[in-house]
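Secondary and tertiary structure notes
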Amino acid sequence: MSEPMIPKTMGQQFGRRSWAEPWKIKIVEPIHMTSSAERQRAIAEAGYNTFLLRSEDVTIDLLTDSGTGAMSDRQLAGLMLGDEAYAGSRNFYHLEEAVRTYYGYKYMVPTHQGRGAEHLISQIVIKPGDFIPGNMYFTTTRLHQELAGGTFVDVIIDEAHDPISEHPFKGNVDLDKLQALIDKVGAEKIPYVSLAGTVNMAGGQPVSMANVKALRRLCDRYGIRLYLDATRMAENAYFIQEREEGYADKPVAEIFKEFCDTTDGAWMSAKKDSMVSIGGWLAVNDEEIFDKARNMVVVYEGLHTYGGMAGRDMEALAIGIEESLHDDHLRARIGQVRYLGELLSDWGIPIVRPVGGHAVFLDARRIYPHIPQDQFPAQTLTAELYLDSGLRAMERGIVSAGRDPKTGEHRHPKLELVRLAIPRRVYTQAHMDVTAESVKAVYDMREQMRGLKMVYEPAYLRFFQARFARL
Ligand SMILES: *Cc1c(COP(=O)(O)O)cnc(C)c1O
């Protein structure tokens with residue numbers, strides 16, 4: 001496959017015209033500036049876990065792009081149109097129409113956020129002893145698959161585990177790995193393929209249209225369903241437009257629909273692409289599965305016409321879906337992430353290449369080669385970034401990977417990363433400069449750094465609440 005050129009900083013070269021955000025700022029939220037002494041105290045109190053910091057103690061918050069986006073004036077106006085009727089809210093019908101129009105699935109059940117939808121689909125289609133192949137695990141997705149009695153099997157291409165490979169579609173499924181699993185366990189033990197676009201844990205890397213179509217053909221041969229984790233699918237569609245032959249002149253929304261049309265359904269964390277504070281949904285084309293989901297949602301989330309969301313949330317989400325697919329929005333969104341990533345790369349700081357859709361991932365394994373993985377190099381790096389400038393990032397390495405449910409041992413992922421996730425429409429280029437300079441300062445001190453030990457470990461999704469102490 002001929003690899004298309006991936007542009008570096010879009011429009012940054014001398015003599016070119018720059019891009020700018022297709023919005024201007026109407027309201028601002030002050031940031032609390034912290035002193036070094038305050039940060040020392042705060043991170044020690046938080047057990048060196050950035051999830052346990054108070055947001056008041058954070059300067060630039062790149063913990064997550066989840067629920068942290070800025071809503072547009074249209075979305076905020078939508079909040080005032082909330083119809084808080086318990087049943088049959090008009091906002092539900094607006095949301096249903098938006099999902100049908102842009103994603104193309106027939107039936108939709110709202111949920112309070114993405115994991116609510118993962119819970120429903122996992123419980124409905126997974127039987128104990130099943131296997132669920134996917135393009136790299138995601139924390140909550142895999143846990144719900146395991147809680148339903150399934151075993152997740154990673155079938156992503158090898159390049160995804162290699163932070164320096166410049167493959168333009170590192171989210172692709174390796175069809176040979178999937179075929180090998182089918183041959184080994186039998187198609188009847190595989191309820192569906194769990195496909196994420198883009199792949200969060202691989203660095204926000206996209207799946208190509210050619211790959212999803214080939215995957216569809218393989219699934220059809222064996223009668224296996226194909227479900228999409230659509231959390232950042234808008235960003236995936238932008239990468240297809242940028243990198244895949246034949247898509248340069250198509251609007252992102254059209255590419256997006258074509259991709260979704262190749263799958264049987266999707267779950268969604270609307271807190272990402274759709275720029276709302278809370279919300280999610282499950283959508284499928286199969287009426288029988290929809291019927292089960294609609295029945296189950298009333299037990300765990302709320303009535304099937306709100307699923308844990310307020311009417312006003314559903315309205316903001318319906319509007320956010322439409323905004324998330326504007327070409328100029330995505331160009332600025334991904335352009336900002338790339339601006340930060342290319343700055344760090346130019347300074348020689350090891351990051352996951354190519355720069356992904358929602359975040360820049362620092363390669364803690366290469367930054368702290370002297371800290372063994374069992375002493376949590378990525379967790380250490382998140383603490384150091386916070387101490388340097390009040391910048392909050394997230395560990396995506398051995399702590400996030402958790403323990404193998406069968407052996408009880410740490411899972412040792414190949415990637416030991418720190419994620420700098422960029423909220424949508426929130427920070428300016430100056431914030432990106434300050435961030436890059438802080439990373440550089442911490443990088444320059446890398447040699448004297450020592451690791452951490454874990455002093456408290458919760459049973460599920462330990463990265464959220466684990467506590468650490470300095471070695
Ligand atoms: C955030 C996320 C989820 C879970 O969604 P929540 O809204 O946080 O419950 C699932 N998959 C991916 C890829 C995500 O990034």
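In this text the structure is predicted, and so the values were computed from the model without any measurement. (Residues numbered from 1 in each chain as written. Predicted model: local features only at pLDDT ≥ 70, side-chain atom pairs only at ≥ 80, totals over all residues. Heavy atoms only, no water.)

This part covers the site of the ligand. Not every one of the 14 residues close to the ligand is listed here, only the nearest: Gln-113, Arg-115, Asp-229, Ser-269 and Lys-272. Contacts to the ligand include Arg-115, whose side-chain N or O atom sits 2.7 Å from an oxygen atom. In this structure, Asp-229 approaches the ligand through a side-chain N or O atom, which is 2.7 Å from a nitrogen atom. At the level of elements, helix H4 (114-125) and helix H5 (139-147) are the ones that each hand at least two residues to the shell around the ligand. (Near = heavy atom within 4 Å. Polar contact = N/O pair within 3.5 Å; in protein donor to acceptor, adjacent residues only side chain to side chain. Helix = DSSP H or I, 4+ residues; strand = E, 2+ residues; numbered from the N terminus.)

For the rest of this paragraph, the subject is the sheet that holds strand S8 (residues 359-363). With antiparallel pairing, 3 strands are arranged side by side in an open sheet as S8-S10-S9. Strand pairing shows two members of the sheet lacking a second neighbour, S8 and strand S9 (394-396), which therefore form its edges. Neighbour to neighbour, the strand axes of the sheet diverge by 35 degrees on average, direction disregarded. As defined by bridge partners, S9 adjoins strand S10 (residues 417-421) across 3 bridges and the pair is classed as antiparallel. What sits directly across from Met-394, in S10, is Arg-419. (Pairing = 2+ DSSP bridges. Axes fitted to C-alpha atoms, helices over the stretch in contact; angles between N-to-C directions.)

The next subject is the packing of aromatic side chains. All told, the structure shown has 12 aromatic pairs when counted by the stated rule. Ring centres 4.7 Å apart and planes at 75 degrees place the aromatic pair Tyr-103 and Phe-256 in the edge-to-face group. Here Tyr-103 is found in helix H3 (residues 90-103), whereas its partner Phe-256 is found in helix H9 (residues 252-261), with 153 residues between them in sequence. Exposure class is identical for Tyr-103 and Phe-256. Each is buried. The rings of Phe-51, Phe-463 and Phe-464 are connected pair by pair, giving a single aromatic cluster. The aromatic ring of Tyr-137 is capped on one face by Arg-142, whose charged end is 3.8 Å from the ring centroid. Geometry around Tyr-443 places Arg-446 over its ring, the cationic atom sitting 3.9 Å from the centre. (Phe/Tyr/Trp six-rings, centres within 6.5 Å; stacked < 30°, edge-to-face > 60°. Buried < 20%, exposed > 50% of the residue type's maximum accessible area, 1.4 Å probe, protein only. Lys NZ or Arg CZ within 6 Å of the ring centre and 35° of its normal.)

The topology assignment puts Met-394 in strand S9. The sequence separation of Met-394 and Arg-424 amounts to 30 residues, and the corresponding C-alpha distance is 17 Å. Not counting residues within four places of it along the chain, the set of residues in contact with Met-394 comprises Thr-50, Phe-51, Leu-63, Thr-64, Thr-382, Leu-417, Val-418 and Arg-419. (Contact = heavy atoms within 4.5 Å.)

This paragraph deals with the pairing of strand S5 (residues 225-229). Extensive coverage of S5 is indicated by the burial of 4 of its 5 residues. Two elements, strand S4 (residues 192-196) and S5, share 5 bridges in a ladder whose sense is parallel. When the bridges of S5 are listed, Leu-195 appears paired with Leu-228. With respect to chirality, the unit in which S4 leads through helix H7 (residues 209-222) into the neighbouring parallel S5 is right-handed. (Right-handed = clockwise from strand over helix to strand, strands pointing away.)

A few words on the domain arrangement of the chain. Accessible area lost on assembly of the parts is the figure often given for the size of an interface. Taken domain by domain, the chain consists of domain 1 (10-61 + 326-470) and domain 2 (73-323). Here the C-alpha centroids of domain 1 and domain 2 sit 25 Å apart. If you look at the interface, domain 1 gives 38 residues, while domain 2 gives 44 residues. Interface area, domain 1 with domain 2, both sides summed: about 3,200 Å², of which 54% is carbon and sulfur. Three residues, Pro-354, Leu-415 and Arg-424, lead the burial of domain 1 against domain 2; their summed loss comes to 18% of the area buried on that side. Inspection of the region where domain 1 meets domain 2 yields 7 salt bridges. A salt bridge links Arg-425 to Glu-323; the shortest N-O distance between them is 3.0 Å. Linking domain 1 with domain 2 are 20 residue pairs in polar contact (both at pLDDT 80 or more). Those elements that place two or more of their residues in the side of domain 1 that touches domain 2 are helix H12 (327-346), S8, helix H15 (398-401) and S10. (Domains from an automatic or database assignment. Buried area = accessible area lost by both parts, 1.4 Å probe. Salt bridge = Lys/Arg side-chain N within 4 Å of Asp/Glu carboxyl O.)

Where H3 meets H9, the axes come as close as 8 Å, and the angle between the chain directions of the two elements is 90 degrees. As summarised for this structure, H3 and H9 are arranged roughly perpendicular, according to the angle between their axes. Contact residues: H3 offers Arg-100, Thr-101, Tyr-102 and Tyr-103, while H9 offers Phe-256, Lys-257, Cys-260 and Asp-261. Of the residues assigned to the contact of H3 with H9, the class counts are 4 nonpolar, 1 polar and 3 charged. (Parallel < 35°, antiparallel > 145°, perpendicular 65-115°, else oblique. Nonpolar A, V, L, I, M, F, W, Y, C, P; charged D, E, K, R; others polar.)

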